[in-house]
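# Tertiary structure, described
Below, each chain spelled out in residue letters.
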Amino acid sequence: MLTERVPVGVMSSVVAPEKPASNTMGPKEVELILVKEQNGVQFTSTTLVAPTQTQTHPSGEEERETWGKKIDFLLSVIGFAVDLANVWRFPYLCYKNGGGAFLVPYLFFMVIAGMPLFYMELALGQYNREGAAGVWKICPIFKGVGFTVILISLYVGFYYNVIISWALFYLFSSFTSELPWVHCNNTWNSPNCSDWADNSSVTDFYKATPAHEYFERAVLHIQDSHGIDDLGRPRWQLTSCLAVVIVLLYFSLWKGVKTSGKVVWITATMPYVVLTVLLLRGVTLPGAIDGIKAYLSVDFLRLCDAKVWIEAATQICFSLGVGFGVLIAFSSYNKFGNNCYRDAIITSSINSLTSFFSGFVVFSFLGYMSYKHNVALDKVARDGAGLVFVIYPEAIATLPGSSVWAVIFFIMLLTLGIDSAMGGMESVITGLIDEFKFLHKHRELFTLFIVVATFLISLFCVTNGGMYVFTLLDHFAAGTSILFGVLIEAIGIAWFYGVDRFSDDIEEMIGQRPGKYWRLCWKFVSPCFLLRLAYAITPETEHHLVDNGEVRQFTVSVDLILLYYNCTASLHLCRFL
């Protein structure tokens, strides 16, 4: 303790606060205590007091709550980025586009665009301590882009939660001695149902396997609808599963990052345990090695095909989850001095490694299916929902103890989906309560409002014709719009706010200025990367126009009109809410 003697008549205490270092959380408080007065002399003591839980941003604004532990944040980001697409999309793309050769464009775009954009969003949210809309106080003209990505996350939630409800339905159906998608003698089966093992003409276009019919006719009941104009009522089975998913999401999010940070300890780690168990089982199956060889087979000639590079770039953009406002929301709850650069490298690398690792699991079972039914691998290899809800359940059904393996597999799908859905919903909640400050005091009620609204709209996807609505949302909710949103976001940061100023912000947080490579990527490479994704935002029927250089989506007039309507619609919605 420091003591100082000061004459009584002239004693005045002026304490100059210590200027914080660039990597500290804020100024330290100084406590001046009067000890006693003796013989005309006053003794005082000065003590440095540790900052309280509520920290102060360098701008003077009071900061929000922070993650309980650093690992909570990392698991939340990993859990969001590693989703169902890592299992059902990347392995198939790798197989279709030259096997191991596909890793060349994939890693290339990861380094020049994926990681820079990922890093940019983490730093943007952490420095400004706001959600996707509030961060644009640095350049208010772009605030509409923030509302746009919030709206996109809300759209995605309308159908993404339905996928999780399918997985929950399958999970409940797996608690039987015999899985219900094994035979064709069920009430939902059609005359076209044909067992792989019993019918040599199974490759006929009009034939369907028991697992295929179980998904379409027992789960979706799509046969009871004639189209999107004939939806019917919500089916109680899927509605119940959807309600369970919504309840899980609410109680994971209602208290903010303090609760969601604990949930991800299970939802983000469980998939790795299950994938490892499934791999150990899969490699012991006959034909598994052939499937893995096909997955890793290297065909460098495929690299001459521009479409391979386009698909690698598209996969990077969507698999990392940039542009949904989730990374901004999550990082806004970090401590100000957190090393977001290191976090970006770690989490984006884990995401890509998980995609690659899941390919071994998927293709070990696809190789087994190819061997068991004596068909070419390309007859069973597919991506999307057909892989995890048709092919994989069918492969599991042939194993000893199939019910146990089915339960394990669908628990993995459930956990993969839940933490990604949590991220999307957190983006909406954080983005809006940061913009409308009065909602901070009513987070629990506002979270309830969001999840109930999402549930009610999702009911359209669990009707007999719900698959038509699901497909509509899946194709248009986060395609062109998300790419365009990320493009404008990158331009706003690099060219309007300024790369140098943004780099100063990062240096203030972590004490280290981004290198020239990162600044170059933010200003030139990443925006150009997003503009090159012509195939990703062009209908397949018009891909020949791309080959001829006629990309209609990137005319100046269309871009400006799209931006105007996206921003205007988002602002009107948020004013209404």
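Residues numbered from 1 in each chain as written. Predicted model: local features only at pLDDT ≥ 70, side-chain atom pairs only at ≥ 80, totals over all residues. Heavy atoms only, no water.

Throughout the structure, instances matching the rule amount to one disulfide. Covalently, Cys-184 is tied to Cys-193 through a disulfide, its sulfur atoms 2.0 Å apart. Across the S-S bond of Cys-184 and Cys-193 the torsion is about -70°, and the bridge reads as left-handed. With relative accessibility at 11%, the residue Cys-193 sits in the buried group. (Disulfide = S-S within 2.5 Å. Buried < 20%, exposed > 50% of the residue type's maximum accessible area, 1.4 Å probe, protein only.)

The end-to-end C-alpha distance of helix H7 (residues 236-253) is 25 Å, a good match for the 26 Å that 18 residues give at a rise of 1.5 Å each. Among all positions in H7, only Leu-238, Thr-239, Cys-241, Leu-242, Val-245, Ile-246, Leu-249, Tyr-250, Ser-252 and Leu-253 are buried. Buried residues along H7 sit in contact with helix H5 (143-173), helix H6 (210-219), helix H8 (257-267), helix H15 (402-435) and helix H16 (443-458). (Helix = DSSP H or I, 4+ residues; strand = E, 2+ residues; numbered from the N terminus. Expected span 1.5 Å × (residues − 1). Contact = heavy atoms within 4.5 Å.)

A few words now on the UniProt feature "binding site: Na(+)" (unreviewed entry) in the protein. As annotated by UniProt and renumbered to match this structure, "binding site: Na(+)" (unreviewed entry) occupies Gly-79, Ala-81, Val-82, Asn-86, Ser-319, Asn-351, Leu-416, Asp-419 and Ser-420. For the residues just named, distributed over 342 residues, the greatest C-alpha separation is only 14.2 Å, placing them together at one site. Mapped onto the secondary structure, Val-82 falls in the loop between helix H1 (70-81) and helix H2 (84-88). Among all residues touching Val-82, those that are not within four sequence positions of it are Tyr-272, Asn-351, Thr-354, Leu-416, Asp-419 and Ser-420. Residue Asn-86 is classed as buried on the basis of its relative accessible area, which comes to 1%. Apart from residues no more than four positions distant in its own chain, Asn-86 is found in contact with Ala-81, Pro-91, Asn-351, Ser-355 and Ser-358. (UniProt positions renumbered as here; feature names shortened; annotations may be inferred.)

A word on the pattern of salt bridges. Considering all chains together, one arrives at twelve salt bridges under this definition. Glu-130 serves as the salt-bridge partner of Lys-137, at 3.8 Å between the closest nitrogen and oxygen. Residue Lys-137 is classed as partly exposed on the basis of its relative accessible area of 37%. For Glu-444, the salt bridge identified is with Lys-255, shortest N-O distance 3.2 Å. One end of the pair, Glu-444, is in helix H16; the other, Lys-255, is in the loop between H7 and H8, with 189 residues separating them in the sequence. For Lys-255, a relative accessible area of 39% puts it in the partly exposed group. A single network of salt bridges, built from pairs that share partners, joins Asp-500, Asp-504, Glu-507 and Arg-513. (Salt bridge = Lys/Arg side-chain N within 4 Å of Asp/Glu carboxyl O.)

This brings us to the nonpolar core. Counting residues in hydrophobic clusters, the biggest one holds 171 residues, and the most contacted among them are Trp-166, Phe-389 and Leu-413. With residues up to four places along the chain from it excluded, the contact list for Leu-413 reads Leu-84, Ala-167, Val-388 and Phe-389. (Core = buried A, V, L, I, M, F, W, Y, C linked by side-chain atoms within 4.5 Å.)

With that settled, consider the environment of Ser-165. Turning to its location among the elements, Ser-165 is positioned in helix H5. On the basis of relative accessible area, Ser-165 is assigned to the buried category, the value being 0%. Ser-165 sits 78 residues away from Ala-243 along the chain, and the two C-alpha atoms are 8.4 Å apart.

Along the chain, Glu-213 falls in helix H6. Summary of buried charges: Glu-213 has no salt-bridge partner, and the nearest side chain of opposite charge, Arg-217, is 4.3 Å away. Leaving out residues up to four positions away in the same chain, Glu-213 has contacts with Trp-188, Asn-189, Ser-190, Asn-192, Cys-193, Ala-208 and Ala-218. (Lys, Arg positive; Asp, Glu negative; His and termini not counted.)

With respect to the helices and strands, Ala-133 occurs in the loop between helix H4 (103-128) and H5. Considering only alpha carbons, one finds Ala-133 and Ile-328, 195 residues apart in sequence, at a separation of 9.6 Å. Ignoring sequence-local partners within four residues, the contact set of Ala-133 consists of Lys-143, Gly-146, Phe-147, Ile-150, Gly-431 and Glu-435.

Relative to the assigned elements, Thr-447 resides in helix H16. Among all residues touching Thr-447, those that are not within four sequence positions of it are Tyr-250, Leu-253, Trp-254 and Ile-429.

Attention shifts here to the packing of aromatic side chains. Taken as a whole and judged by the stated rule, the model has 46 aromatic pairs. Ring centres of Tyr-159 and Phe-470 lie 5.5 Å apart, and the angle between their planes is 90°; this geometry places the pair in the edge-to-face category. Residue Tyr-159 is located in helix H5, and its partner Phe-470 is located in helix H17 (residues 466-476); the two are separated by 311 residues in the primary sequence. For the pair Tyr-159 and Phe-470, one class covers both residues: buried. Here Tyr-295 and Phe-360 contribute two aromatic rings whose centre-to-centre distance is 5.5 Å and whose plane-to-plane angle is 85°, an arrangement assigned as edge-to-face. Within this pair, whereas Tyr-295 is found in helix H10 (residues 288-296), its partner Phe-360 is found in helix H13 (residues 340-373), the two being separated by 65 residues in sequence. Exposure remark for Tyr-295: the relative accessible area of 0% places this residue in the buried category. Seen from the ring of Trp-254, Lys-255 lies directly overhead, with NZ or CZ sitting 4.8 Å from the centre. (Phe/Tyr/Trp six-rings, centres within 6.5 Å; stacked < 30°, edge-to-face > 60°. Lys NZ or Arg CZ within 6 Å of the ring centre and 35° of its normal.)

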